[in-house]
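Close look at the chain arrangement
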Amino acid sequence: MNPGITSKYFSGTNTFFARLAEAILRFRWLLLLLVFFLTIFSFYEMRTLRMDNSNEAFFLEGNPTKLLLDKFRDTFGNEDLVYVLIETDDFFKADTIRLIRKLAEDLEAHVPYVKDMKFLGNVEYVEGVEGGIEISDLIENIPEIPDEMKLVRERAMNEPLYLDNLISRDGKTSAILLERERYPEEKVDPRKEIPPAVYKILAKPEYADLKVYAVGTPIIDYEMDEMTARELSLFGLVCLGLQMLILLWVARGARGVVTPLLVVILSIFWTLGLVGILDWTLSLMVAMLPIFLICVGIGDSMHIISEFQDQQDRGLDRSESIVKALALVGIPCLLTSITTAAGFLSFWGTVLKPIREMGIYAAIGVIMAFLLSLIIVPAVFSFGKNKKKGIEPEGAFNPVGEKKKSPDYRPVCVRLARTGRNDIFDRVLKRIALLNLKHPWAILCIFILMAAFSLFGYRLIEVETNSIEFASTDLPVRQAYDYVDSHMGGSMSMEVMLDTGKKDGIKEIEFLRDMETLQNYIDRHPLTSKTTSVIDTIKKMRRAMHENRMEYYTLPETSAQASEYLFLYETSGGEDLDKQVSFNYDIARITARTKSLNSKDVRTFTSDISMFVKKNINPSTKVEYTGTMPFIEAMSNYVAQGQKRSFILAFLAITCMMIIVLRSFKLGLISMIPNVFPVLISLGLMGFAGVYLNIPLMILSPIIIGVAVDDTIHFFMRYRREFNRTGTYEGALKATLSTVGRPIMFTTMTLVLGFSVFGLSDMYNVVQFGLLAAFAFLWALLADFFLAPAMMLLFKPLGAERQVSMVN
């Protein structure tokens, strides 16, 4: 083939892709070698990948929620607790206490970064004695006789600070609390070292008879990391298997199967390699990345291969078919890649860090898939023998683009190939064209009614961001959290910080009474399981000073008495005060524990407390909130805002691109309607089905519009080209559906089946995301095949029809 001649087939911007194809064919071996070495390099850089699913990892530096957490840590230390619960027949048995004490000491000795270990056996017991008070371990010596054990039980059950915290009310569940020290800054992610050490100890034979549950921030982060890595591999393999089955069905030959899969696999490796090079972190969202790239990236390859095979059917040899295929679909593929990348980059509309990063990773992967499609598909399909050419009739379209007298400009082999194929896809596409031509108004009205109905459903959507609520009940970590909720004080907490703004401010009795009022209100709230604060310590001291009588479990009457009790506590060996108040006694904390709450209940809880503070607490005291619940509330707000912002950004960016690409403001706006419709109908389904808007579903709208627009671009660009050729909307519709209809159907099949793979996840919100995305892409196909043609036939955005005597 003479490469210079082939370029003469085309004009305008198509020439670039024709010449690019010629260059790729000329240097195919060199390019394939370059791809090979870049893939090896990406594999090498992937070794540095690291996960981070911690709560604080969701927020950008400088975020108010994160700054409050940093302030809390600076004041009270690391809040990363490991909470180990042990289910027994009765904790108050000598052998049971002995075994649990051994486990507790084992955990303290071998788990890294343990600052303090508490269980019922070594917690403080404050008791009034002659001449003052005595602070000792609640169980210094394990009782061997029933009366002594009965006394220990009574002391434990009468201590509000430990009940539903270290021992359940029925005495059958005890807990070991491991408090963390500040992590060393030189460590990349020291939190990851904790859970394996805990699990290793719990797996020892001597503890085999204990039924143990472990929870806490390090545990849930570790389990999420493990699940992410597990599902990353599972999703990728299953999705690749499904895509292979589709390609085996629709592709012609082994190359049509292997090449698209090779493109998307390499795009995943290259993307993850780049993430490793830039030392970025991965989160639970990265489990979605392979599916995104497989389902989205495979489209460019399929369009190029489909057009290549189409050109071979027209009688061109391999090289000519490749050049013409890239010239015809190169621009649409480029534009679809840009619009899809723009959809992913719209994730910058949210302030949640993992979502932003996911948008960058996916956008990079889409562009890499496009570049790899341009290199690998032409290179692979350039090898092999040429098909035998049909006999060209007089008047056919000759190789240099000259027009002859025959009204049918296509070679005989093209007509035979077209009429001979007539498979199920062609028959379906012909039926679709006929329905559009006969009933355009009916089709348009049906879509309008469905859109209006969906808008009503969208108003019913509520936000939910508590990740443990979405975890499968088959997961051990979910079972552990459920056990804490049902047998102990609850697995969720909020830290209320009260800042007096002055040294020794918390020793003032007026402040202490305000703080007690607030703690009592929180304690009585129907959602609260337990509260603790320095108020409990002061009351405990006053009770001890009055012969351990419960009627004196109250605040003292004066500031001087409060200061004296705190001083006496410290000098008597009390060790817990630094966890309750700041060093200068200017800030105190109230820890409120609840069962695992959904986002709606969290908002109710925090709102009730905030209203109470405004009405009842001295304005000079600054009250701030941090911990699990404020994180969930903040994420809930950011999810609701981010969903709207990212969709708007994606819509505006893609609309502008479509107007420029189609060179028509009217046609650009019309082309966006089939892309918005699947977003509306999927959101409507969410509302009517009671599906919560959560972090994965937050990105559903921009993904739908960013991916669905790919097929829309191919449809509308081909429609314009066919209209210029035929001069009629009917002829353009038939020609468009018969050419790009097949690859649009195939790419939709890959999207629907690919995103359905998320149904295998152990996280219900990820399952919902996958199924809703598959539902949306199916409707995107229906919108492209019915809504878009109906609007083109009715509104005629390309101008008046005309008679065309010669083909350009």
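Below: a short report on this structure. Quick caveat, the model's predicted, so the values are computed rather than measured.

A few words now on helix α11 (residues 318–345). The largest bend in α11 comes to about 45°, at V329, with the proline P332 one to four residues further on. Burial runs high along α11: 24 of the 28 residues are buried. Capping of α11 at its N-terminal end is provided by D317; its side-chain oxygen lies 3.2 Å from the backbone amide nitrogen of S319.

The topology assignment puts E159 in the loop between α6 (146–157) and β5 (173–180). Here R543 takes part through its side chain, which lies 3.1 Å from a polar atom of the side chain of E159. Contacts of E159, omitting those with residues within four sequence positions, involve Y125, K540 and R543.

Strands in a sheet are paired, the pairing made by backbone hydrogen bonds, and the direction either parallel or antiparallel. Strand order in this open sheet of four strands is β8-β9-β7-β10, and the pairing throughout is antiparallel. Pairing within the sheet leaves two strands with one partner each, and these edge strands are β8 (528–533) and β10 (622–626). With direction set aside, neighbouring strand axes in the sheet form an average angle of 20°.

Looking now at the nonpolar core. In this structure, L120, I176, F292, I703, F755 and F769 are the most contacted members of the largest nonpolar core, which totals 200 residues. No other element matches the 17 residues that helix α28 (residues 764–795) contributes to this core. Leaving out residues up to four positions away in the same chain, I176 has contacts with V82, Y83, V84, I86, I100, L103, A104, L107, M117, K118 and F119. Of all hydrophobic cores here, the second largest spans 41 residues; its members include I135, I522, Y565 and A592.

Turning our eyes to something else, we now look at the packing of aromatic side chains. Following the criterion strictly, the structure yields 31 aromatic pairs and no others. Ring geometry for F453 and F688: centres 4.7 Å apart, planes at 20°, overall stacked. Here F453, found in helix α15 (residues 440–458), pairs with F688, found in helix α23 (residues 665–689); they are 235 residues apart in sequence, far enough to count as distant. Take F453: its relative accessible area is 54%, and that puts it in the exposed class. According to the relative accessible area criterion, F688 is partly exposed, its value standing at 38%. Consider the rings of F755 and F769, whose centres lie 6.1 Å apart with planes at 50°: the pair is tilted. Here F755 is found in helix α27 (residues 741–756), whereas its partner F769 is found in helix α28, with 14 residues between them in sequence. The buried category is assigned to F755, whose relative accessible area is 0%. Counting every residue linked through ring pairs, the aromatic cluster contains F235, F292, F344, F347, F755, F758, F769 and F777. Above the plane of the ring of Y44 lies R47, whose end atom (NZ or CZ) is 3.9 Å from the centre. Positioned over the ring face of Y585 is K507, at 4.2 Å from the centre of the ring.

Across its 13 residues, helix α4 (residues 64–76) extends 18 Å between first and last C-alpha, which sits within 8% of the 18 Å expected from 1.5 Å per residue. Within the sequence span of α4, burial applies to T65, K66, L69, F72, R73 and F76. Taken end-on, α4 shows its buried residues confined to a sector of 115°, consistent with a single buried face. Exposed and facing more than 90 degrees away from the buried side of α4 are P64 and D74. Along its buried surface, α4 packs onto β7 (492–499), β9 (587–594), β10 and α22 (628–662). The positive-phi residue at the C-terminal boundary of α4 is G77, with phi of around 95°.

Taken together, four strands build an open sheet; the order of strands is β2-β5-β1-β6 and the sheet is antiparallel. In the strand order of this sheet, the two ends are held by β2 (114–118) and β6 (211–216), each with one partner. Pairs of neighbouring strands in the sheet enclose a mean axial angle of 20°, with direction left out of account. With respect to the sheet, helix α8 (residues 217–250) is in contact with β1 (81–87) and β6, its orientation differing from that of β6 by roughly 90°.

Turning our eyes to something else, we now look at the packing of helix α3 (residues 28–45) against helix α9 (residues 254–277). It is at 8 Å that the axes of α3 and α9 come closest, and there the two elements cross at 50°. Overall, the two elements α3 and α9 adopt an arrangement that is oblique. The way α3 lies across α9 gives a crossing that is left-handed. Across the interface between the two elements, V35, L38, T39, F41, S42, F43 and E45 of α3 pack against L266, F269, W270, G273, G276 and I277 of α9.

Take unusual backbone geometry next. A negative phi holds for most residues other than glycine; trans holds for most peptide bonds. At Y113, a residue that is not glycine, the phi angle is positive and equals roughly 65°. In this fold, Y113 is placed in the loop between α5 (94–110) and β2. Positive phi is not limited to glycine here, since R663 has a value of about 55°. In this structure, R663 sits in the loop between α22 and α23.

What follows deals with a nonpolar patch on the surface. Residues L33, F36, F37 and I40 make up a contiguous nonpolar surface patch of roughly 410 Å² in combined accessible area. With respect to the helices, strands and loops of the structure, I40 is situated in helix α3.

A separate point is the pattern of salt bridges. Evaluated as defined, the whole model comprises 30 salt bridges. Here E179 makes a salt bridge to K579, at a shortest N to O gap of 3.0 Å. Here K579 lies in the loop between α20 (559–571) and β9 and E179 lies in strand β5, a separation of 400 residues in the sequence. Given a relative accessible area of 13%, E179 falls into the buried group. When the shortest N-O distance is used, the salt bridge between R478 and D482 registers 3.1 Å.

The next point concerns the pairing of β10. The buried count for β10 comes to four of five residues, which makes it a mostly enclosed element. Pairing of β7 with β10, which is carried by five bridges, proceeds in the antiparallel orientation. The residue of β10 that forms the bridge with M497 is E624.

We now examine the environment of F383. Assignment of secondary structure puts F383 in the loop between α12 (353–381) and α13 (412–421). Residue classification places F383 among the partly exposed positions, given a relative accessible area of 29%. As for F383 and R318, which are separated by 65 residues in sequence, their C-alpha atoms are 7.9 Å apart. Setting aside chain neighbours within four positions, we find F383 in contact with R28, W29, R255 and R318.

Another aspect to go through is the environment of N122. Mapping N122 onto the fold places it in the loop between β2 and β3 (124–129). With relative accessibility at 19%, the residue N122 sits in the buried group. Between the C-alpha atom of N122 and that of D137, which follows or precedes it by 15 residues, the distance is 4.8 Å. Beyond its immediate sequence surroundings of up to four residues, N122 is in contact with M117 and D137. Within the structure, N122 has its side chain in polar contact with the backbone nitrogen of F119 (distance 2.9 Å).

Thresholds applied
- Residues numbered from 1 in each chain as written.
- Predicted model: local features only at pLDDT ≥ 70, side-chain atom pairs only at ≥ 80, totals over all residues.
- Heavy atoms only, no water.
- Bend = angle between axes of the 7 residues up to and from the residue.
- Helix = DSSP H or I, 4+ residues; strand = E, 2+ residues; numbered from the N terminus.
- Buried < 20%, exposed > 50% of the residue type's maximum accessible area, 1.4 Å probe, protein only.
- Polar contact = N/O pair within 3.5 Å; in protein donor to acceptor, adjacent residues only side chain to side chain.
- Contact = heavy atoms within 4.5 Å.
- Pairing = 2+ DSSP bridges.
- Axes fitted to C-alpha atoms, helices over the stretch in contact; angles between N-to-C directions.
- Core = buried A, V, L, I, M, F, W, Y, C linked by side-chain atoms within 4.5 Å.
- Phe/Tyr/Trp six-rings, centres within 6.5 Å; stacked < 30°, edge-to-face > 60°.
- Lys NZ or Arg CZ within 6 Å of the ring centre and 35° of its normal.
- Expected span 1.5 Å × (residues − 1).
- Arc of directions from axis to C-beta.
- Parallel < 35°, antiparallel > 145°, perpendicular 65-115°, else oblique.
- Left-handed = near helix turned anticlockwise from the far one by under 90°.
- Patch = residues over 30% accessible without salt bridge, like charges linked within 9 Å, V, L, I, M, F, W, Y side chains within 5 Å.
- Areas by Shrake-Rupley, 256 points an atom, 1.4 Å probe, with all protein chains shown as cover.
- Salt bridge = Lys/Arg side-chain N within 4 Å of Asp/Glu carboxyl O.

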